[in-house]
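# Residue-level structure breakdown
Read off the chains here:
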Amino acid sequence: KNFVVLLALVLAVSASYEDSKVYGLNKDNYFEFANNGTWMMKLYANCVDIVENVASLEEAAAALDGLVKVGAIDLAVERVDIGGIQGFPTIRFIHNGEFKPYSGGRSVKDIVDFALYEAEKVGALPPNAQRIAYERLGLGVPEPAAAEPV
């Protein structure tokens with residue numbers, strides 16, 4: 001009986017990202033993906049996390065599609081030993097295995113801006129990435145800063 005309940009919980013969590021651009025990761029593929037490429041990763045425990053802001057994560061993934069991958073892993077189910085977690089949910093920017101913790105706002109724009117900023121720092125973005133992501137979010141692209149007077 002407990003196995004059936006656990007299986008239903010696992011399937012429900014996996015299905016929550018099924019029709020989105022969010023990669024639902026597991027213990028078998030987390031390190032393979034995290035060590036290869038550029039990611040925004042949500043590390044959570046469904047037993048203590050109310051899967052907060054899943055819509056924000058899905059919207060961020062749609063805006064970042066083809067620019068920065070977005071993944072999520074339920075560590076209460078998957079039992080992956082990932083160091084440095086202070087609490088749940090934890091969001092990190094990961095590039096080829098190196099991570100930077102995210103402590104900003106939980107809005108879609110906040111997450112997208114952080115991902116773009118960090119990905120640009122490591123040279124992992126195509127030209128016009130911000131314009132592409134902002135158009136997908138329905139936001140206007142910020143005007144370039146005015147040049148300083150000479």
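Residues numbered from 1 in each chain as written. Predicted model: local features only at pLDDT ≥ 70, side-chain atom pairs only at ≥ 80, totals over all residues. Heavy atoms only, no water.

### Here we look at the packing of helix H5 (residues 108-121) against helix H6 (residues 129-137)
Two elements in contact, H5 and H6, have axes whose closest approach is 11 Å; the angle formed by their N-to-C orientations is 165°. One way to sum up the angle between H5 and H6 is to call them roughly antiparallel. In this structure, the crossing between H5 and H6 has a hand that is right-handed. Mapping the contact onto sequence places Val108, Lys109, Val112, Asp113 and Leu116 in H5 and Ala129, Gln130, Ala133, Tyr134 and Leu137 in H6. Residues of the contact of H5 with H6, tallied by class, amount to 7 nonpolar, 1 polar and 2 charged. (Axes fitted to C-alpha atoms, helices over the stretch in contact; angles between N-to-C directions. Helix = DSSP H or I, 4+ residues; strand = E, 2+ residues; numbered from the N terminus. Parallel < 35°, antiparallel > 145°, perpendicular 65-115°, else oblique. Left-handed = near helix turned anticlockwise from the far one by under 90°. Contact = heavy atoms within 4.5 Å. Nonpolar A, V, L, I, M, F, W, Y, C, P; charged D, E, K, R; others polar.)

### Overview of the packing of aromatic side chains
For the coordinates displayed, the defined rule picks out 5 aromatic pairs. Seen from their ring centres, Tyr23 and Trp39 are 5.1 Å apart, and the 70° between their planes marks the pair as edge-to-face. Separated by 16 residues along the polypeptide, Tyr23 in strand E1 (residues 22-24) and Trp39 in strand E2 (residues 38-44) bring together distant segments of the chain. For the pair Phe33 and Trp39, a centre-to-centre distance of 5.6 Å together with 70° between the ring planes defines the contact as edge-to-face. (Phe/Tyr/Trp six-rings, centres within 6.5 Å; stacked < 30°, edge-to-face > 60°.)

### Quick look at the confidence of the model for the chain
Of all residues in the chain, 75% attain a pLDDT of 70 or more, and the chain-wide mean is 81. Averaged pLDDT values over the elements of the chain bottom out at 39 in helix H1 (residues 2-15) and peak at 95 in H5. Confidence drops under pLDDT 50 across residues 1-16; counting only partners more than four residues distant or on other chains, this segment forms 6 contacts. (pLDDT = per-residue confidence, 0-100.)

### Quick notes on the pairing of strand E5 (residues 98-102)
The sheet contact formed by strand E4 (residues 90-95) and E5 spans 5 bridges and is antiparallel. Across the sheet, His95 pairs through a bridge with Glu98, a residue of E5. Between E4 and the antiparallel strand that follows it, E5, lie 2 residues; Asn96 among them carries a positive phi value of about 50°. (Pairing = 2+ DSSP bridges.)

### So, the nonpolar core
Judged by nonpolar contacts, the single largest core of 24 residues is most densely connected at Met40, Leu64, Val70, Val112 and Leu116. Considering every element that reaches this core, the biggest residue donor is H5, with 7 residues. In this view, Val70 contacts Lys21, Val22, Tyr23, Trp39, Met40, Leu57, Ala60, Ala61 and Leu64; residues no more than four positions away in its chain are not counted. Counting 11 residues, the second-largest nonpolar core is a separate cluster that includes Met41, Leu75, Val80 and Ile82. (Core = buried A, V, L, I, M, F, W, Y, C linked by side-chain atoms within 4.5 Å. Buried < 20%, exposed > 50% of the residue type's maximum accessible area, 1.4 Å probe, protein only.)

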